[in-house]
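# Descriptive structure summary
The lines below spell out each chain.
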Amino acid sequence: MEQTKLNLKILHAKTLSSDELGCDEVSADVSADVLIGEQPCLNQASLNQVDIEQARVDEHWMRVAMIMAEKAEAAGEVPVGAVLVKEGQQIATGYNLSISEHDPCAHAEIQCLRAAGQTIENYRLLDTTLYVTLEPCAMCAGAMVHSRIARVVFGARDEKTGAAGTVLNLLQHPAFNHQVEVTSGVLAQDCADQLSRFFKRRREEKKALKQAQKAQQGTLS
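A brief structural summary. (Residues numbered from 1 in each chain as written. Predicted model: local features only at pLDDT ≥ 70, side-chain atom pairs only at ≥ 80, totals over all residues. Heavy atoms only, no water.)

### Observations concerning unusual backbone geometry
- We note that R148 has phi near 65 degrees; this positive angle belongs to a residue other than glycine.
- Tracing the chain through its elements places R148 in the loop between α6 (138-147) and β7 (151-156). (Helix = DSSP H or I, 4+ residues; strand = E, 2+ residues; numbered from the N terminus.)

In structure tokens, the structure reads:
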């Protein structure tokens, strides 16, 4: 039986499960030996440790994205935040500014990609990972494909406009000349709660405003 070979870059970029590896690759016959090139390197326990470390990294950066989402909420925007990372370093951040800037394109991801392009002075954002609290829409997914980012990690799913696998998947469309690796559900509940609290508060504020206006009309009459 041939020994399994894994590319180190892919190994560190993608969360692997036993199902993704395949039963043959984790069977006792192979003894979970993994080679990189010709050098014995990782066993199954090591793979699990890589998964754990990657999950920790993803959660760290997602919390940074959530902080950016808080800035959006403070500005009266829907709380969605994003951060772009390369080799463990923060390149740029962004958050929703569509309302403030009267710009339908000013989503968190677009703001982040624009800032990153200015930072590295290149519209190609190669070998980067973008973390965003809400699943990207079609517009943002298209921008990610054009910018050639390597990986997208998102928190909460968008059941209405999600273009990273929920409604459609533009990030991995087979007809495109670039596919983006997708990791979903990182701190999903925390990200969803952040959005839910915002919309709940906004509904309550609108209700209170209507009641106040009604009371004022009653007084005037």
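Here the narrative resumes, following the displayed structure.
### Here we look at the side chain of Q111
- Position of Q111 among the secondary structure elements: in helix α5 (residues 108-120).
- For Q111, the contacting residues outside a window of four places in its chain are T93, G94, Y95, L97, E101 and A106. (Contact = heavy atoms within 4.5 Å.)

### A word on the pairing of strand β6 (residues 129-134)
- By the criterion of burial, β6 is predominantly enclosed, with 6 of the 6 residues buried.
- Where strand β4 (residues 81-86) meets β6, 4 bridges bridge the pair, whose relative direction is antiparallel. Of the residues in β6, the one forming a bridge with V85 is T129.
- When β6 meets β7, the two strands line up parallel, connected through 5 bridges. (Buried < 20%, exposed > 50% of the residue type's maximum accessible area, 1.4 Å probe, protein only. Pairing = 2+ DSSP bridges.)

### Thoughts on the pattern of salt bridges
- Inspection of every chain in the model, using the stated rule, returns 7 salt bridges.
- Linking D190 and R63 is a salt bridge whose minimum nitrogen-to-oxygen distance equals 3.9 Å. Here D190 is found in helix α7 (residues 188-220), whereas its partner R63 is found in helix α3 (residues 44-74), with 127 residues between them in sequence.
- By relative accessible area, D190 is classed as partly exposed at 33%.
- For R63, a relative accessible area of 43% translates into the label partly exposed.
- Residue R114 pairs with D103 through a salt bridge whose shortest N-O separation is 4.0 Å. You can see R114 sitting in helix α5 and its partner D103 sitting in the loop between α4 (98-101) and α5, a full 11 residues away along the chain.
- Residues joined by salt bridges that share partners form a network here, namely D58, R151 and E181. (Salt bridge = Lys/Arg side-chain N within 4 Å of Asp/Glu carboxyl O.)

### Things to note about the nonpolar core
- The biggest cluster of nonpolar side chains holds 40 residues, and the ones touching the most others in it are M62, L130, M144, I149 and L171.
- Counting residues per element, the ones that place at least two in this core are α3, β4, α5, β6, α6, β7 and α7.
- The contact partners of M62, leaving out residues within four places of it in the chain, are Y131, V132, T133, V153, F154, G155, V186, L187 and C191. (Core = buried A, V, L, I, M, F, W, Y, C linked by side-chain atoms within 4.5 Å.)

### Some thoughts on the packing of α5 against α6
- One way to put it is that α5 packs onto α6 with a least axis distance of 9 Å and a crossing angle of 25 degrees. On the basis of the axis angle, α5 is roughly parallel to α6. Two packed elements cross with a definite hand, and for α5 against α6 that hand is left-handed. Of the residues in α6, those in contact with E109, I110 and L113 of α5 are M139, C140, A143, M144 and S147.
- Among the residues forming the contact of α5 with α6, the class breakdown is 6 nonpolar, 1 polar and 1 charged. (Axes fitted to C-alpha atoms, helices over the stretch in contact; angles between N-to-C directions. Parallel < 35°, antiparallel > 145°, perpendicular 65-115°, else oblique. Left-handed = near helix turned anticlockwise from the far one by under 90°. Nonpolar A, V, L, I, M, F, W, Y, C, P; charged D, E, K, R; others polar.)

### A look at the packing of aromatic side chains
- Scanning the model with the defined rule gives 1 aromatic pair in all.
- For the ring pair F198 and F199, a centre distance of 5.1 Å and an interplane angle of 70 degrees mean the geometry is edge-to-face.
- Taking relative accessible area as the criterion, F198 reaches 4% and is therefore assigned buried.
- Residue F199 is classed as partly exposed on the basis of its relative accessible area of 30%. (Phe/Tyr/Trp six-rings, centres within 6.5 Å; stacked < 30°, edge-to-face > 60°.)

### A word on the sheet that holds strand β8 (residues 181-184)
- Reading across from one edge, β5-β4-β6-β7-β8 is the order of the 5 strands in this open sheet, with mixed pairing throughout. For this open sheet the edge positions go to β5 (89-95) and β8, each flanked by a neighbour on one side alone. Adjacent strand axes in the sheet meet at a mean angle of 20 degrees, parallel and antiparallel pairs treated alike.
- Helix-sheet contacts for α5 involve β4, β5 and β6, and the interaxial angle to β5 is about 140 degrees.

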